[in-house]
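# Chain and residue survey
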Amino acid sequence: MNTTSASAAEPAAAAPGRIVLLTTSHRVAPGLLSWPAWQALRTADRVLCADAAHPQLPYLREAGITVSEASPTAEELVAACAGGRTAVVVATGEGEPALTDGLARLAGSGRVFMPELELLPASYDLPGARLLDLVQVMDRIRVECPWSAQRTHRGLAKYAIEEAYELVEAIEDGDRDELREELGDVLLQVVFHARIAEEDPEEPFSVDDVAGGIVAKLIHRHPHVFGEETAATPEEVKEHWLRTKAEEKQRTSVTEGVPLHQPGLALAAKLASRVRTAGLDVPLPRGEGIGYELLALAARAEAEGVDPEAALRAAARAYRDAIKQKETA
């Protein structure tokens, strides 16, 4: 009788059990976990978390799950799973490297009957989630960095121009690593200005307001995507864009909205583009000097679909190369 009972108990005692390492993203609201994660939590024999301030804990406890605030060693966790039990470890932001390294050593030793090990992501980052990190980092820098804390929109303006030029250079050079970095620098300017704008005492706005504004604009200007309009060609898309833009702006002149502080060739080409798109017959002004000649060249380039600024930069680069070649000859 006793022998039979002992034999029946041996398989249960020898069952290795299961360890689930539950990871969550701090970029997703606490409590929004996947269904497999909730199943694992509800069926576990023990749920443990080393961080008493973990943002998930209040929501787990509200759901009726008992969480032990403990940081067991690998050996202790393996022992806790003996007899076929399941332990779920709610990972901290660091990912429990000491525990996972310890489990790996135990498994590699070959001397321990290891539980089944499972890494279970309980929440996933959506595309663009790292932008939340950027906003948080910028917020801290604005508060704690003496230089950043004193910046103003006007003081930062020159950096936006510099970063835009560096982005264009990376694009024209075809350097993918440089392109990624320069896009980040341009994005920083947007987030930095938005963070400064939050402090305005009369008309504050945040990066969410900036994002919300451009989302609304894009939806409105793409009725062929988000509405009932149709557009089969780029020309039809541009027609939709210009029509909806005109409705939004209610401008009295095609020259409104053209920034006069942009480089001269770009300014001339933009004005020529506005005139051509509006179907206006406005002859170029006649005058003496290189300025009028450049104006005519910029208008001609725009009509031929050429960016005069890019064309001049390409020619200037060729000139630079010729200079360097002469210097080393």
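Heads up: these notes are all about the structure in this document. Keep in mind that this is a model prediction, so the values were computed, not measured.

## Describing the overall build of the protein chain
Scanning the protein chain for helices and strands turns up 15 helices and five strands. For the protein chain, whose C-alpha radius of gyration is 32 Å, the value lies well above the compact-globule estimate of 20 Å for 329 residues. Based on the C-alpha atoms only, the size of the protein chain along its principal axes is roughly 115 × 60 × 45 Å. Evaluated residue by residue, the protein chain yields a buried proportion of 26% over its 329 residues. Summed over its atoms, the accessible surface of the protein chain is roughly 21,900 Å², and 57% of this surface lies on carbon and sulfur atoms. Charged side chains in the protein chain number 34 positive and 52 negative. The centres of these two groups are separated by 2 Å.

## Quick notes on the packing of helix H6 (residues 130-144) against helix H9 (residues 176-197)
Interaxial distance between H6 and H9 falls to 10 Å at its minimum, and their mutual angle equals 55 degrees. In terms of axis orientation, H6 runs oblique to H9. Of the two possible hands of crossing, H6 and H9 adopt the one that is right-handed. Residues Leu131, Leu134, Val135, Met138, Asp139, Arg142 and Val143 of H6 touch H9, and the partners they reach there are Leu187, Leu188, Val191, Phe192, Arg195 and Ile196. Tallied by class, the residues present in the contact of H6 with H9 amount to 10 nonpolar, no polar and three charged.

## Describing the packing of aromatic side chains
Following the criterion strictly, the structure yields one aromatic pair and no others. Ring geometry for Trp147 and Tyr159: centres 6.3 Å apart, planes at 75 degrees, overall edge-to-face. Linking Trp147 in helix H7 (residues 146-149) with Tyr159 in helix H8 (residues 153-173), this pair joins segments that are 12 residues apart in sequence. With a relative accessible area of 40%, Trp147 lands in the partly exposed category.

## A short note on the side chain of His54
Locating His54 in the fold gives a position in the loop between strand E2 (46-49) and helix H3 (57-62). In terms of polar contacts, His54 uses its side chain to reach the backbone carbonyl oxygen of Ala91, at 2.9 Å. Apart from the residues lying within four places of it in its own chain, the contact partners of His54 are Thr24, Cys49, Val90, Ala91 and Thr92.

The rules behind these values
Residues numbered from 1 in each chain as written. Predicted model: local features only at pLDDT ≥ 70, side-chain atom pairs only at ≥ 80, totals over all residues. Heavy atoms only, no water. Helix = DSSP H or I, 4+ residues; strand = E, 2+ residues; numbered from the N terminus. Rg over C-alpha atoms; globule rule 2.2 N^0.38 Å. Buried < 20%, exposed > 50% of the residue type's maximum accessible area, 1.4 Å probe, protein only. Areas by Shrake-Rupley, 256 points an atom, 1.4 Å probe, with all protein chains shown as cover. Lys, Arg positive; Asp, Glu negative; His and termini not counted. Charge placed at Lys NZ, Arg CZ, Asp CG, Glu CD. Axes fitted to C-alpha atoms, helices over the stretch in contact; angles between N-to-C directions. Parallel < 35°, antiparallel > 145°, perpendicular 65-115°, else oblique. Left-handed = near helix turned anticlockwise from the far one by under 90°. Contact = heavy atoms within 4.5 Å. Nonpolar A, V, L, I, M, F, W, Y, C, P; charged D, E, K, R; others polar. Phe/Tyr/Trp six-rings, centres within 6.5 Å; stacked < 30°, edge-to-face > 60°. Polar contact = N/O pair within 3.5 Å; in protein donor to acceptor, adjacent residues only side chain to side chain.

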